[in-house]
Amino acid sequence: MQVIQHQELASSQASITFSSIPQTFTDLYLLFSVRPDSATTDTQISFNGNTSNFSRRHLFGNGSSAGSSSAADRYVGSNPNSSFTANTFGNHSIYIPNYTASQAKSYSADSVAENNSATSVQVILAGLWNDTAAITSLSLSVFGSGNFVQYSSATLYGILKGSDGTTVVS
Amino acid sequence: MPTNTYTALATVTLGGSDAEVVFSNIGSGYRDLILVIQAKSSTGNPAVVARFNSDTGTNYPYVRMTGNGSSAASASITTDTFLNIAAAFGINTSGNGNIIAQIMDYSATDKHKPVLVRNGDAGLGVEAIAGRWASTSAITSVTVFNTGSISFATGSTFSLYGVIA
């Protein structure tokens, strides 16, 4: 796993974008810690500037119950919003296998957020971008209105498949 | 140059259908293994399972939770002859799902081997599994297959990585 790029916001911003993603890896791994400046809690993703052909299905728990939902949208996780405990950010990871392949792009997302024991949510999600284009850019934004606050951060990693010359696969 | 923390051990993209994929001769030079699968089935959405070192004993307990888009559920198995790494959501004919399994301390000889799995397909559901191979043997092979005797289709990809502590 190699770092492609790390970003940390010096001021509030509508989105965090990774562009010109190298096409030399096999999978992408995105780690991010963000907080919206609005009442909205959710984060969404887009690929190559494309906001169409997304779907997802997820499992969530809020400390008292668990549930599941699905939608044709770009939601990837939840965060503390502007009314939550100060200085708390949502934490997320997204794994995107075979991001350069000429096939639909599936991704797995994990997300946690809490409000100093008053509110909490954990999400695991299966997503799909039903597009065969290689992913050359990706962007995170608030699902709804608002910006990410200062100190929100994201790191994009590349993972390259291959062989160590010893392990055999058959 | 940053240190590469995921070392590629082996990978295969199936050129034809195959009933199982075996990673063997796995060295002991890492702390953990990461198995990434993006596969299609020849038909249906069979459960995908794994065995370590070809162990067919009842040495694979696990607990799992699932969400199918409308409801959540959980189940556990105390003894099984394989580790379920995708009960119903990780593989189907579309190939739009994926499976990521983390095998911790795989080469240790003083502990059982914990395994954490995430799998899902946006059209079917999402699943998390915590399992264990009840053996103190170091893992030298991983066999991936499905319980319905259904083949993995052409184009399915299986990649194994080692993570250095």
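Residues numbered from 1 in each chain as written. Chains lettered and ligands numbered in written order. Predicted model: local features only at pLDDT ≥ 70, side-chain atom pairs only at ≥ 80, totals over all residues. Heavy atoms only, no water.

Caption draft 1: Region of interest: the overall build of chain B. Helix and strand counts for chain B stand at zero helices and 12 strands. The N-to-C order of helical and strand elements in chain B reads β-β-β-β-β-β-β-β-β-β-β-β. Relative to the globule expectation of 15 Å for 165 residues, the C-alpha radius of gyration of chain B, 15 Å, shows essentially globular dimensions. By principal-axis analysis of the C-alpha atoms, chain B measures approximately 40 × 35 × 30 Å. (Helix = DSSP H or I, 4+ residues; strand = E, 2+ residues; numbered from the N terminus. Rg over C-alpha atoms; globule rule 2.2 N^0.38 Å.)

Caption draft 2: Region of interest: the confidence of the model for chain A. With 99% of its residues at a pLDDT of 70 or more, chain A has an overall mean of 94. For chain A, the element scoring lowest by mean pLDDT is strand β13 (residues 168-169) of chain A, at 92; strand β2 (residues 15-18) of chain A scores highest, at 98. (pLDDT = per-residue confidence, 0-100.)

Caption draft 3: Geometry of the interface of chain A and chain B. Counting residues at the interface gives 40 residues for chain A, matched by 46 residues for chain B. Summing the contributions of chain A and of chain B, the shared interface buries around 3300 Å²; its carbon and sulfur component is 54%. Summed over the three residues of chain A that lose the most area to chain B, namely Met-1, Arg-57 and Val-169 of chain A, the buried surface amounts to 19% of that side. Joining chain A to chain B, the criterion identifies one salt bridge. Ionic pairing is found between Arg-118 of chain B and Asp-110 of chain A, a salt bridge with its closest N-O pair at 2.6 Å. On the surface where chain A and chain B come into contact, there are 22 residue pairs in polar contact (both at pLDDT 80 or more). Counting only elements with at least two residues in the side of chain A that touches chain B, the list comes to β5 (54-61), β6 (66-71), β9 (105-114), β10 (120-129) and β13 of chain A. Looking at the side of chain A that touches chain B residue by residue, the class counts come to 16 nonpolar, 18 polar and six charged. Where β13 of chain A lies against strand β2 (residues 20-24) of chain B, two bridges are found, and the strand directions are antiparallel. Residue pairing across strands places Val-168 of chain A opposite Ser-24 of chain B, the latter belonging to β2 of chain B. (Contact = heavy atoms within 4.5 Å. Buried area = accessible area lost by both parts, 1.4 Å probe. Salt bridge = Lys/Arg side-chain N within 4 Å of Asp/Glu carboxyl O. Polar contact = N/O pair within 3.5 Å; in protein donor to acceptor, adjacent residues only side chain to side chain. Nonpolar A, V, L, I, M, F, W, Y, C, P; charged D, E, K, R; others polar. Pairing = 2+ DSSP bridges.)

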